[in-house]
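Topology and contacts: notes
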Amino acid sequence: MRIKKLSTIVANQIAAGEVIERPVSIIKELVENSLDAGSDSIDIKLVNGGKSLISIKDNGDGIFKDDLKLSLVKHATSKITTSNDLLYLSSLGFRGEALSSICSISRIMISSIKNGEKQGWQIYNEFDSMDTNIKLSNILEGTLIEVRDMFYNIPARLKFLKSDKTEYINVEKLITAYAISNPHVSFSLSHNGKLLKKFNRVTDNNDVEKRLSLILGKRFIDNNSYFKSTFEKIVLSGWVVNPDINLPSCQFVFLNGRVIKDKVVNHAIKQAYKRYDIINQNYIIFVDLPKDQVDINVHPSKYEVRFSNNRILHDFLVSTLSNMLIKNHKIKNEVSLDLSNDNQCTSIKEHTTTNYKTEEDEKGCIGQQENIKLESLNSYPSLIDAKRKKLEPSRIHYFDAYERNETQNSLTNNFGVNPENRIDNNILGKPITLINGYCVMLTCENRLKVVSLLKVSKALCAQKIKNHGLESKPLLIPYKLNFNELVSNKQRDYMEVLGFKFKLLENYLTFTHVPNILKDKKLDQYLEEFVRIFCLEQNFIFKNNSDLFENFTDFIVKQAPKINNLSEAIHMIACLESEFEQETQVILDTVTTELNLEELIGQNLL
Ligand SMILES: Nc1ncnc2c1ncn2[C@@H]1O[C@H](COP(=O)(O)OP(=O)(O)OP(=O)(O)O)[C@@H](O)[C@H]1O
Ligand SMILES: [Mg+2]
C-alpha cells in the first residue's frame, strides 16, 4: 500500500486515543477543567456507566462566548502561553487537548456563562464535524458539559469498554480521589438517575475529618495516623491506616494535588509495606514538591510524571512510611526487620517498635518527622487555604506549533532549565542536532562544529571534583550488594578517599555513604560496576590521588546514560559554561572539533 496522509478526522481520533480510553478518562478531564475554573461545586451524572451520557455541571468561571468554538480546537488553551509556563504549572490542564479529543469521539454540548456576563451560550459538536454553531443558553452560572455516545464513530474502541458497572466503579474511585484532595469542593455523582455519592464541601480545616469520614467511612477515621514529614523541599503528608484493620481498598497518592499513577512512588510505598510483610495497605499520601522539580508533561493523560530526583523522593518515601508503620502500628516485636528488600537496604534486626532509627535519622538527614494526630489537622496539605487559585480570565489561544514542539521536545526530559539560560549562541554557535546521543552539531558564522558530549561530561565531572571535592553524602537508605570477596586495605583506602563509606557483613557490602557526585545518580547503575572494577579487579593500583580521581571520573562518564534529546545536550553544555565561567572558551575549545568546510570543498569532498 502506498503512503498517504491520514485525514484530519482520523488523525484526531488516533490522537484522542491517548487522552480518552474510557468514560473515566473523559470525567477526569472535565473535572480537572472544572477545578481549574475555580469551581467549588461539581455535579456528575452518568448513564450506562458513562457510555451513553456523561454530564458535568460546575459553578466555575465559565467560558467567554467567543472562546466556545476555540475550546474545541486542538492545542487551544487559556492556561499557559509560553513553554516557560510549563516549568511552573499551577493548573491541572495545560495541553489544550482534552475537549478536542472528546469532541472527535462523541457528541459534545457545552453551555457556559462567563463570570460577570449576563447571557450564557451553548455550542454543540458531533464527532469532530466542523459545523459548530452557537446558540443562546439559559444557564445561570458556570459550565455544563454533556458528552453523549462515546466511541459510536469508532466501533473498534467501543468494544474495549467494560460493563456499565465496572465503568461506573472506575468513575467512583476517581471522584473519591478528587473529593479527598479537594475538601473545599462539593461533589455529587449520579448513575442512571440515582444519586449515589454526595460529598459536601468544608470551609474549615477542622471539618476535614468529617468530610473524610463521609468519603471513606468511620472505620478509616478511627484507625489511621496522620503524618507530615519534610526533607529538603519535599513534603510528604497523609494518613496510613492501621495494618491490623482490613478496609476496602483505600490507596490514594496525590502529587501537588494531582491524581497520579507513578512507578517510583508506588515502588517506594510497596517497599515500605513489604519490609514488615503488611498485607492491608491502605493510605492517602500527598507528595508536595516545588513545581519545577516535576515534569507533568510526560503523557497526554497526565497520570505519569517525571521527577527531577527520583532517588531522593523514593528513599524519603520509604523511610517516612517505614517510620510511620513501625511507630504507629502494632507491629509485633518478634518481627525481624530485614530492610534488605529489593537489595537496596541494610539488614537491621530491630526488636523494639519505637526505637527504629537509621543512622541517617540520628544525624537528622531524613528531615523533621512530625506525627500529628488527626484532631490537629491544621496542616492538612493546606488545601482549603490554597483553594485552587482562580486563573486570570485569560482568553483561550492557539498554542502554536513552535510552542508545542518546545513542549514536547525541549522540556519533557529537562527540569528546571530555563530556556533563556541556554547555551550562549555567541560563544559556541547555534545547536542543530544531536548525533547518536554523544555529539552535538552546531553552526557558527558559516562554520560547522561538533561538540563531544563525553568530553563535556568528563570536563564537568572533573571540575565538580576540583571545586567541591569528593565529600561523602549519607544515603537515606543504605545500598546493599551481594559480595563474598575480601576487600584489601588498599582498596578500602581508595574507596574512602573517593567518599564511599561501607560495611562488609555476612556476604553483603552495604554502602552507607557515597561521593556527593553520585548523589543524584541511579545508584544501581553505578555501584555494581564500581565494585566490579574497583574491588574485584585486584591489581588496580593508582599512582596518586589525582590518578585515582581521573580514573573515577572516567568511570562516571562511561556509566552515564546516553543523552536522549538536543535540549538535554544543550543543558549539559550550558552547565559547562556556568561551571567554568571565565575559562569557558578554553574548555569549549577542548571539547569541540571544527569541520573545515573550505578544506573539504577544496578536496572536492563537499
Ligand atoms: N468547565 C470549564 N470552565 C471554564 N473553562 C473551561 C471549562 N472547560 C474547559 N474550559 C476552557 O476550555 C479550554 C480547553 O479545555 P481543554 O480541557 O481542552 O484544555 P486545557 O484544560 O487547557 O488543557 P488539557 O488538554 O491539558 O486539559 C480550557 O483551557 C479552558 O479555558
Ligand atoms: Mg483540560
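Residues numbered from 1 in each chain as written. Chains lettered and ligands numbered in written order. Predicted model: local features only at pLDDT ≥ 70, side-chain atom pairs only at ≥ 80, totals over all residues. Heavy atoms only, no water.

- You'll find the protein chain entered in an unreviewed UniProt entry as DNA mismatch repair protein MutL, with Paraphotobacterium marinum given as the organism.
- As its UniProt record puts it under Sequence similarities (unreviewed entry), the protein chain is described as follows: "Belongs to the DNA mismatch repair MutL/HexB family." (UniProt positions renumbered as here; feature names shortened; annotations may be inferred.)

**Focus on the overall build of the protein chain**
- When you go through the protein chain residue by residue, the secondary structure sums to 19 helices and 25 strands.
- Partitioning the contacts of the protein chain with sequence separation of at least 6, the portion at a separation of at least 24 is 71%.
- Of the accessible surface of the protein chain, which amounts to about 29,300 Å², a share of 50% is contributed by carbon and sulfur atoms. (Helix = DSSP H or I, 4+ residues; strand = E, 2+ residues; numbered from the N terminus. Contact = heavy atoms within 4.5 Å. Areas by Shrake-Rupley, 256 points an atom, 1.4 Å probe, with all protein chains shown as cover.)

**Regarding the sheet that holds strand E22 (residues 472–482)**
- Strand order in this open sheet of three strands is E22-E24-E23, and the pairing throughout is antiparallel. A single partner strand is all that each edge strand has here, and the edge strands are E22 and strand E23 (501–505). With strand direction ignored, the average angle separating the axes of adjacent strands in the sheet is 15°.
- The pairing of E23 with strand E24 (residues 508–515) spans five bridges and is antiparallel. Within E24, the position partnered with lysine 503 by the bridge is threonine 510. (Pairing = 2+ DSSP bridges. Axes fitted to C-alpha atoms, helices over the stretch in contact; angles between N-to-C directions.)

**A few points about the pattern of salt bridges**
- Counted by the stated rule, this structure contains 15 salt bridges.
- Arginine 201 is the salt-bridge partner of aspartate 40, the closest N and O atoms lying 3.4 Å from each other. With aspartate 40 in the loop between helix H2 (23–36) and strand E1 (41–47) and arginine 201 in the loop between strand E9 (194–199) and helix H7 (208–216), this pair connects stretches of sequence that are 161 residues apart.
- In this structure, the salt-bridge partner of aspartate 207 is lysine 210, at a minimum N-O distance of 3.4 Å.
- For aspartate 207, a relative accessible area of 23% corresponds to the partly exposed category. (Salt bridge = Lys/Arg side-chain N within 4 Å of Asp/Glu carboxyl O. Buried < 20%, exposed > 50% of the residue type's maximum accessible area, 1.4 Å probe, protein only.)

**Thoughts on the site of ligand 1**
- Close to ligand 1 lie 22 residues; Asn33, Thr77, Ser78, Lys79 and Glu97 are nearest.
- Contact between ligand 1 and asparagine 33: an oxygen atom at 2.8 Å from a side-chain N or O atom of the residue.
- Between ligand 1 and lysine 79, the relevant distance is 2.7 Å, taken from an oxygen atom to a side-chain nitrogen or oxygen of the residue.
- Calculation on ligand 1 without its partners gives an accessible area of 590 Å², and the protein chains cover 95% of this total.
- Counting residues per element, the ones that place at least two in the shell around ligand 1 are H2, strand E3 (76–77) and helix H4 (98–105).
- Residues of the shell around ligand 1, tallied by class, amount to seven nonpolar, nine polar and six charged. (Near = heavy atom within 4 Å. Polar contact = N/O pair within 3.5 Å; in protein donor to acceptor, adjacent residues only side chain to side chain. Nonpolar A, V, L, I, M, F, W, Y, C, P; charged D, E, K, R; others polar.)

**A short note on the environment of glutamate 97**
- If you trace the backbone, glutamate 97 turns up in the loop between E3 and H4.
- Since its relative accessible area comes to 11%, glutamate 97 is described here as buried.
- Taking the C-alpha atoms as reference, glutamate 97 lies 8.3 Å from leucine 72; in sequence the two are 25 residues apart.

**Structural notes on the packing of helix H15 (residues 523–536) against helix H16 (residues 545–559)**
- Packing of H15 against H16 brings their axes to within 11 Å, and their N-to-C directions diverge by 135°. Accordingly, the angle class assigned to the pair H15 and H16 is oblique. Judged by the sense of rotation from one axis to the other, the crossing of H15 with H16 is right-handed. Contacts from Gln525, Tyr526, Glu529, Phe530, Ile533 and Phe534 of H15 reach H16 at Leu548, Phe552, Phe555, Ile556 and Gln559.
- Here the residues of the contact of H15 with H16 sort into eight nonpolar, two polar and one charged. (Parallel < 35°, antiparallel > 145°, perpendicular 65-115°, else oblique. Left-handed = near helix turned anticlockwise from the far one by under 90°.)

**A few points about the sheet that holds strand E5 (residues 120–126)**
- Strand order in this open sheet of eight strands is E6-E5-E4-E7-E2-E1-E8-E9, and the pairing throughout is mixed. Among the strands making up the open sheet, the edge pair consists of strand E6 (134–137) and E9. Across the sheet, the mean angle separating the axes of adjacent strands is 15° when strand polarity is ignored.
- Its contacts with the sheet place H2 against E1, strand E2 (53–58), strand E7 (143–148) and strand E8 (186–191), and it is angled at close to 10° to E2.
- Together, E8 and E9 form the strand contacts of H7, whose direction differs from that of E9 by roughly 150°.

**A look at the environment of valine 235**
- Among the secondary structure elements, valine 235 is positioned in strand E11 (residues 234–241).
- Sequence separation of valine 235 and aspartate 288 is 53 residues, and the distance between their C-alpha atoms is 5.0 Å.
- In contact with valine 235, not counting residues within four places along its chain, are Lys228, Ser229, Thr230, Phe286, Val287 and Asp288.

**A word on a nonpolar patch on the surface**
- Nonpolar side chains collect at one region of the surface, where Leu6, Val10 and Ile14 lie side by side and expose about 270 Å² of accessible area between them.
- Positionally, valine 10 belongs in helix H1 (residues 8–19). (Patch = residues over 30% accessible without salt bridge, like charges linked within 9 Å, V, L, I, M, F, W, Y side chains within 5 Å.)

**Some points on the packing of aromatic side chains**
- The final tally for this structure, using the stated rule, is 15 aromatic pairs.
- With a centroid separation of 6.0 Å and an interplanar angle of 20°, the aromatic rings of phenylalanine 552 and phenylalanine 555 are classed as stacked. You can see phenylalanine 552 and its partner phenylalanine 555 sitting in helix H16, three residues apart, about one turn around the helix.
- Through a chain of ring-to-ring contacts, three or more aromatic side chains come together here, namely Phe500, Phe502, Phe511, Tyr526, Phe530, Phe552 and Phe555. (Phe/Tyr/Trp six-rings, centres within 6.5 Å; stacked < 30°, edge-to-face > 60°.)

**Examining H4**
- A large share of H4 lies buried, amounting to eight of its eight residues.
- Within H4, burial applies to Ala98, Leu99, Ser100, Ser101, Ile102, Cys103, Ser104 and Ile105.

**Remarks on the pairing of E11**
- The buried count for E11 comes to seven of eight residues, which makes it a mostly enclosed element.
- Strand direction decides the pairing type here: strand E10 (residues 224–231) and E11, joined by eight bridges, are antiparallel. Its bridge partner being in E11, threonine 230 is matched across the sheet by valine 235.
- In textbook terms, the turn of a hairpin is the stretch between consecutive antiparallel strands, and for E10 and E11 this stretch comprises two residues, one of which, glutamate 232, has a positive phi near 45°.
- Bridging between E11 and strand E14 (residues 283–288) involves six bridges; their strand directions are antiparallel. Looking at E14, one finds that tryptophan 239 is bridged to isoleucine 284.

**Things to note about the side chain of aspartate 262**
- Among the structural elements, aspartate 262 can be located in the loop between strand E13 (258–259) and helix H9 (263–275).
- A polar contact is formed between the side chain of aspartate 262 and the backbone nitrogen of valine 264, at a distance of 3.0 Å.
- Contacts of aspartate 262, omitting those with residues within four sequence positions, involve Val305 and Phe307.

**Quick look at H7**
- Buried residues of H7: Val208, Arg211, Leu212 and Ile215, and no others. The buried residues of H7 all sit within an arc of 100° when viewed along its axis, so they share a single face.
- On its buried face, H7 sits against helix H6 (164–181), E8, E9, helix H8 (218–222), E11 and E14.
- Note on H7: the residue one or two positions beyond its end, glycine 217, has a positive phi of about 95°. (Arc of directions from axis to C-beta.)

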